[in-house]
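Spelled out from the first residue to the last, the chains are:
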Amino acid sequence: VHFLVADHARHARWPHSLAMLILARRAAVSACLLAAAHWRPPLPALARPDKDGIFSDCSGSCVSSQDDRPAVWDNPWVAEQALPSAMERLRRVIELKLQGKVVEQDERYLRAEFASRGPLGDAVDDAEFFFTPDDVLVQFRAARRGDAPDFGANRKRLQRGR
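Read on for an overview of the structure. Please read these numbers as outputs of a predicted model, since none were measured by experiment.

Description of helix 2 (residues 83–97)
Because an α-helix packs 3.6 residues into every turn, residues spaced three or four apart end up facing the same way.
Part 1 of the argument: Spanning 15 residues, helix 2 covers 20 Å between terminal C-alpha atoms, matching the ideal 21 Å at 1.5 Å per step.
Part 2 of the argument: Where helix 2 terminates, the next one or two residues include Q99, which has phi positive at roughly 60°.

As for the nonpolar core
One recurring pattern in soluble globular proteins: nonpolar side chains tend to sit buried together.
Part 1 of the argument: Counting residues in hydrophobic clusters, the biggest one holds 20 residues, and the most contacted among them are W77, L90, I94, L110, F129, F131 and L158.
Part 2 of the argument: At the level of elements, helix 2, strand 4 (109–118), strand 5 (121–131) and strand 6 (137–144) are the ones that each hand at least two residues to this core.
Part 3 of the argument: The dominant element in this core, judged by the number of residues it contributes, is helix 2, at five residues.
Part 4 of the argument: Sequence-distant contacts of W77, that is, excluding residues within four places in its chain, are made with L90, F129, V136, L137, V138, F140, L158, G161 and R162.

Observations regarding the pairing of strand 3 (residues 101–105)
Part 1 of the argument: Taken together, the four bridges between strand 3 and strand 4 define a ladder with antiparallel strand orientation. Residue pairing across strands places K101 opposite E113, the latter belonging to strand 4.
Part 2 of the argument: Counted along the chain from strand 3 to the antiparallel partner strand 4, the turn is three residues long.

Considering the environment of A115
Part 1 of the argument: Structurally, A115 is set in strand 4.
Part 2 of the argument: With relative accessibility at 57%, the residue A115 sits in the exposed group.
Part 3 of the argument: Measuring from C-alpha to C-alpha, the distance between A115 and R144 comes to 9.9 Å, with 29 residues separating the pair along the chain.

Focus on the packing of aromatic side chains
Part 1 of the argument: With the rule as written, the count across this model stands at two aromatic pairs.
Part 2 of the argument: Between the aromatic rings of W77 and F129, the centroid separation amounts to 5.2 Å while the plane-to-plane angle is 45°, which identifies the pairing as tilted. Of this pair, W77 sits in strand 2 (residues 77–78) while F129 sits in strand 5, placing them 52 residues apart in sequence.
Part 3 of the argument: Take W77: its relative accessible area is 10%, and that puts it in the buried class.
Part 4 of the argument: Look at W77 and F140: their rings are 6.2 Å apart centre to centre, the planes differ by 50°, and that puts the pair in the tilted class. With a gap of 63 residues between them, W77 in strand 2 and F140 in strand 6 connect regions that are remote in the sequence. Residue W77 shares its accessibility class with F140, and that shared class is buried.
Part 5 of the argument: Clustering of aromatic rings is evident, with ring pairs tying together W77, F129 and F140.

Each value, and the rule that gives it
- Residues numbered from 1 in each chain as written.
- Predicted model: local features only at pLDDT ≥ 70, side-chain atom pairs only at ≥ 80, totals over all residues.
- Heavy atoms only, no water.
- Helix = DSSP H or I, 4+ residues; strand = E, 2+ residues; numbered from the N terminus.
- Expected span 1.5 Å × (residues − 1).
- Core = buried A, V, L, I, M, F, W, Y, C linked by side-chain atoms within 4.5 Å.
- Buried < 20%, exposed > 50% of the residue type's maximum accessible area, 1.4 Å probe, protein only.
- Contact = heavy atoms within 4.5 Å.
- Pairing = 2+ DSSP bridges.
- Phe/Tyr/Trp six-rings, centres within 6.5 Å; stacked < 30°, edge-to-face > 60°.

Below you can see the structure in the form of structure tokens.
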């Protein structure tokens, strides 16, 4: 009889152990899925212009006012105001009209990020602007992180911002 009681107690704990194992597995899978949903591609090697205001050429999904290849080139913007006012106007356009986030700014340079959701998942685009000294031109470069295709999103966004 003692043997039967001990065996029964061991089997009584077994369903509880199985339930704990299943819950632990579900928690681990949920944690992995949550981490994957919030994963962002690493920050790109920025194309910040050199001292003369020249951005590097585009690679992947990109649009630039300085890269002369027809597939990636677009007209530079024209600043119709003095530099401080034009910079503030650009900042407002990025944040309010284009729903972006300014992440870096100095006297002549501004970098913004744009997060979007699409059929291929979440994406982050970086856009950089440089106000040319002694000129009214605003040079820019916008690219999707990780060189994934943007299906024209950067070009369309910059057109809306003009």
